[in-house]
Amino acid sequence: MTKKVFNLIVLFFLLVTFSSCGSSGSVQPVETESYDIMGTIIIQKVYGKNAGKAADEAVKELKKIEGMMTINAPGGDINRLNESAGNGTWNTIDEKTMYVLKKAKEFSQLSGGAFDVTVGPLVKAWGINTENERIPSKDEVDNLLKLVDYDDILINGKSARLARSRQIADLGGIAKGYAGDAVIEVYKSYGIESALVSLGGNVVALGNKPDGTQWKVGVRNPRSDEGQYIGILNVTGKAVVSSGDYERFFERNGVRYHHILDPKTGYPADSGLIGTTIVADLSVDADALSTATFVLGLEKGLKLIESIKGVEAVFVTKDKKVYTTKGLKDSFIFDDESGEYEYVKKG
Amino acid sequence: MLKKGDVILVALILTAIILGVAGTRIMGAIDRSDSLVAVIKQGDRVIRRINLEKVGNAERIVVSGDYRDTILVEKGRIRFEDADCPDHVCVRTGWLSEKGDTAVCIPNRTMIKITGEKSKVDIVTD
């Protein structure tokens, strides 16, 4: 009798010991935070045997992408493309940049021009978050608008050119998205099965957490400090990308001039949305679509997202109402820390 | 007609529901409050992440590199205790105990910063 009790006690302690070993307590990720790549904060959380090497390699890959795709990198693909605008020269473009250019054109078409990387001349004129930020005159805006047309990005095999002089392709709304996918590919090549990367708030998850539960990604509250959220998305191996008028902006006479320009008007988009969040398999798609839907507004935005398979969205309107697409019915948990928002449409 | 027993039963159930809801709310509020976390970094790499509210016994952490920093952690606070770098700016910074507090040892590329971390999410989009 006493022996039985003793055995039971031993068994109990063994179980407790094993179960605590199996839980997440013992798994430590490799974590990095970089402030000097792509003009933003890059956070990595990588689990697994080769996590350290994978994280280092990811940083190298990001620097390579930055050199090719940012507008200011001398000799980079996009820099050469813009420098030669209108002079007829075909520029040999790296296949990665070419992939992003093609994606950009694809989403321009899909969104009816609400997303357009040739909006570059206007981005430059407004200079939002640069030392040259200003409100350009209506004449100037109208003039520059004539240069905006994604059909003027001409592609021929491995080469590309811009049709007219003074045109500027600006991959700001999509390159970071592509970079997120590239990082996930680096992780996979090192056999990593569980990781999270954030490129300035563009979040991409690989697999699940090491304990097998889903990643919990907070959806940013567009009217609060960084880090505050209005809801939680439970995801497995998805990209979650937000756009909003809170990311980069300046204010004059009480008006907020933010960085997402409407390629049709040349002015900061004023569609009634203050934040859009896209969930997709590829972060390049999520990045382009978060911008496109921000410009399109609630109704057209919902319609566009519902028309694309495997892509979902959370939209926040100016009057602090939250809308989601049908597919997020179970994975989006409305959890507003501020208590100011109202969850209106649950799919 | 309700019997006396029924009234008591209904009252009991209602009390239980109210207590339950209030309890969940309060627990929720506690759960969502940020916890004070000290992040120790060297270069880009996060070396340790310590919930300062959960520190039991004081702990010393040595960060080696070009130089050698010794970090002391106690409940609710953290500091560079000692360093063999030339300038000792990090040690002179003293204790860090509030969200946003930062101390840096530039020669050894070591940084301690205190952040408020949310327990309910892994990351927030921006």
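Rules used throughout
- Residues numbered from 1 in each chain as written.
- Chains lettered and ligands numbered in written order.
- Predicted model: local features only at pLDDT ≥ 70, side-chain atom pairs only at ≥ 80, totals over all residues.
- Helix = DSSP H or I, 4+ residues; strand = E, 2+ residues; numbered from the N terminus.
- Buried ≥ 20, exposed ≤ 12 C-beta atoms within 10 Å, placed from the backbone.
- Contact = placed C-beta atoms within 7 Å.
- Pairing = 2+ DSSP bridges.
- Domains from an automatic or database assignment.
- Nonpolar A, V, L, I, M, F, W, Y, C, P; charged D, E, K, R; others polar.
- Core = buried A, V, L, I, M, F, W, Y, C linked by C-beta atoms within 7 Å.
- Axes fitted to C-alpha atoms, helices over the stretch in contact; angles between N-to-C directions.

A. Here's a closer look at the overall build of chain B. In terms of helices and strands, chain B carries 2 helices and 8 strands. Put simply, chain B runs from its N terminus to its C terminus through helices and strands in the order α-β-β-β-β-β-α-β-β-β. Taking all 126 residues of chain B together, the buried fraction comes to 21%. In chain B, once contacts between residues fewer than 6 apart in sequence are set aside, the share between residues at least 24 apart is 32%.

B. A look at the interface of chain A and chain B. In this assembly, 26 residues from chain A lie in contact with 13 residues from chain B. If you list the elements that add at least two residues to the side of chain A that touches chain B, you get β1 (30-37), β6 (194-199), β8 (215-220), β9 (229-235) and β10 (239-244) of chain A. Considering each element in turn, the side of chain A that touches chain B owes the most residues, 6 residues, to β8 of chain A. Alignment of β1 of chain A against strand β2 (residues 45-51) of chain B, held across 2 bridges, turns out to be antiparallel. Looking at β2 of chain B, one finds that T32 of chain A is bridged to R45 of chain B.

C. Structural context of the pairing of β2 of chain B. All names here are of chain B. Pairing analysis gives 6 bridges linking strand β1 (residues 35-42) to β2, with the strands arranged antiparallel. Bridge pairing links V37 to N51 in β2. Here β1 folds back onto β2, and the loop between the two strands holds 2 residues, one of which, G43, carries a positive phi near 60°.

D. Structural context of the domain arrangement of chain A. All names here are of chain A. Along its sequence, chain A is carved into domain 1 (30-65 + 175-346) and domain 2 (72-169). Computed from C-alpha atoms alone, the centre-to-centre distance between domain 1 and domain 2 is 23 Å. Counting from both sides, the interface comprises 22 residues of domain 1 and, opposite them, 22 residues of domain 2. Looking at the side of domain 1 that touches domain 2, the elements with two or more residues in it are α7 (175-189), β11 (249-252) and α8 (283-296). Per-element tally for the side of domain 1 that touches domain 2: the top contributor is α8, with 7 residues. Residue composition of the side of domain 1 that touches domain 2, by class: 16 nonpolar, 3 polar and 3 charged.

E. Seen up close, the nonpolar core. Counting residues in each nonpolar core, the largest one holds 98 residues, and the members touching the most others are V183 and Y187 of chain A. Counting contributing residues per domain, this core is built from domain 1 (30-65 + 175-346) and domain 2 (72-169) of chain A, each supplying no fewer than three. Ignoring any residue separated from it by four or fewer positions in sequence, one finds V183 of chain A in contact with A58, E61, L62, V197 and V204 of chain A. Grouped together as the second largest cluster of nonpolar side chains are 16 residues, L36, A38, L96 and M111 of chain B included.

F. Highlighting the sheet that holds β8 of chain A. In space, the 4 strands of this open sheet follow the order β16(A)-β9(A)-β8(A)-β8(B), with mixed pairing throughout. The open sheet has two free edges, formed respectively by β16 (332-334) of chain A together with β8 (123-124) of chain B, since each of these has just one partner strand. Pairing geometry for β8 of chain A and β8 of chain B, over 2 bridges, is parallel. Note that in β8 of chain B the partner of V217 of chain A across the bridge is I123 of chain B.

G. Region of interest: unusual backbone geometry. Residue and element names in this part refer to chain A. Phi is positive for M38, close to 50°, though the residue is something other than glycine. Along the polypeptide, M38 turns up in the loop between β1 and β2 (40-47). Positive phi values are uncommon outside glycine, yet K320 reaches one of about 65°. Along the polypeptide, K320 turns up in the loop between β14 (312-317) and β15 (321-324). For K320, a count of 17 C-beta atoms within 10 Å puts it in the partly exposed group.

H. Region of the structure containing the sheet that holds strand β5 (residues 159-162) of chain A. All names here are of chain A. If you walk across this open sheet you meet the 3 strands as β3-β5-β4, and the pairing is antiparallel. Both outer strands of the open sheet, β3 (91-92) and β4 (153-156), are each paired with one neighbouring strand and no more. Note: β3 against β5, 2 bridges, orientation antiparallel. By the bridge assignment, N91 is partnered in β5 with A160. The sheet strands contacting helix α4 (residues 95-110) are β4 and β5, and the helix crosses β4 at an angle near 130°.

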